[in-house]
Amino acid sequence: MFYRIPVRRVVAASMLALLGACVENPLDVGNQNNPDVDRVYASPVNVETTVSQLFKNMYNGQFGSADDIWTQSLSMSFESHSQLGNFGMGTRAAIPRNPIDNSIGNTVNVGNFRDFDFLSRNAKSAANTIAAMNGFAAINKSIGSPARDAKAKSFAYFALGYALGNLAMLYDSAAIISPTQASDEIPPFSGHADVAVAALANLDSAIAIAQSANAAVGANGWPIPTDWLSTTATVSQDTWIRTLRSYKAKFRAGVARNATE
């Protein structure tokens, strides 16, 4: 004998079964709108997109505001002048020179921290992209071709070297960030001379990758796209290598040293 079960009872039973299969807190779900390090570095294309933004983020951090070290240094070098106290211009222009006070709450605290913040954060992002690309290579995953992989990796090493080089020139100490560190690892501070050595080593890696055999294999390698460097012209492979060597010279000349050094 068959019985006719009302549809509403079937629906109710189904709903109870679904609720029973849910997690303990049905409202505890992942927010896909929040930044997620694992998702950002999960695919080669996402990593390439991250690489393309590294230099622009640092450049905007250094030059995208009047309250930064660049504005102060213009006054110190007599390329500009102001007696006003805003943005540290009057403070840095004074003769004889005033000691640079970097204690908490100093008058140029915001500008001094701005450069350190942008450079350090993007250095970590650069290191994470390099580590991700190394992981992709280990399982034969690619952005698209060996040349495209080489371009992205060379640019990431450049961004890491650029960040550390500027930190070495501007601050007495900073964290030496490396692709071998875990994505959430916070390395200790090192003296500016050691940070400069690490910067040059990363630029050497960028040059070596740009000159490697893989850099000429496959499509979509060089030139460096205009938007990666915020320029109006693409950068050829030869020009890219000359640019990297120029930054090495800049950091060697600009890092603080005593008379003996």
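How each quantity is defined
- Residues numbered from 1 in each chain as written.
- Predicted model: local features only at pLDDT ≥ 70, side-chain atom pairs only at ≥ 80, totals over all residues.
- Heavy atoms only, no water.
- Helix = DSSP H or I, 4+ residues; strand = E, 2+ residues; numbered from the N terminus.
- Buried < 20%, exposed > 50% of the residue type's maximum accessible area, 1.4 Å probe, protein only.
- Contact = heavy atoms within 4.5 Å.
- Core = buried A, V, L, I, M, F, W, Y, C linked by side-chain atoms within 4.5 Å.
- Axes fitted to C-alpha atoms, helices over the stretch in contact; angles between N-to-C directions.
- Parallel < 35°, antiparallel > 145°, perpendicular 65-115°, else oblique.
- Left-handed = near helix turned anticlockwise from the far one by under 90°.
- Polar contact = N/O pair within 3.5 Å; in protein donor to acceptor, adjacent residues only side chain to side chain.

A. Region of interest: the overall build of the chain. A count of helical and extended segments in the chain gives 10 helices and two strands. For the chain, the N- to C-terminal ordering of α and β elements is α-α-α-α-α-α-α-β-β-α-α-α. Looking at the chain as a whole, 38% of its 261 residues qualify as buried. For the chain, long-range pairs separated by at least 24 residues make up 66% of all intrachain contacts whose partners lie at least 6 apart in sequence.

B. Molecular detail of the nonpolar core. If you look at the biggest cluster of nonpolar residues, it comprises 56 residues, and the most contacted ones within it are F155, F158, L160, Y162, I224, L229 and W240. Elements supplying a minimum of two residues to this core: α3 (44-63), α6 (109-138), α7 (146-170), β1 (173-175), α8 (192-210), α9 (226-229) and α10 (237-254). The element contributing the most residues to this core is α7, with 13 residues. Ignoring anything within four residues of it in the chain, the contact list for W240 reads S154, F155, F158, A210, W222, I224, L229 and V235.

C. Looking closely at the packing of α3 against α7. Interhelical geometry of α3 versus α7 gives an angle of 25° and a closest axis separation of 9 Å. When the interaxial angle is binned, α3 and α7 end up roughly parallel. Crossing hand, α3 versus α7: left-handed. Between α3 and α7, the contacting residues are E48, V51, L54, F55, M58, Q62 and F63 on the first element and R148, A152, F155, A156, F158, A159, Y162, A163 and N166 on the second.

D. The side chain of K151, seen in detail. When you line up the elements, K151 lands in helix α7. Reaching out from K151, the side chain makes a polar contact with the backbone oxygen of N220 at a distance of 3.3 Å. Leaving out residues up to four positions away in the same chain, K151 has contacts with N220, G221, W222, P223, I224, P225 and W228.

Interpretation note: all reported values are geometric properties and have no functional meaning in isolation.
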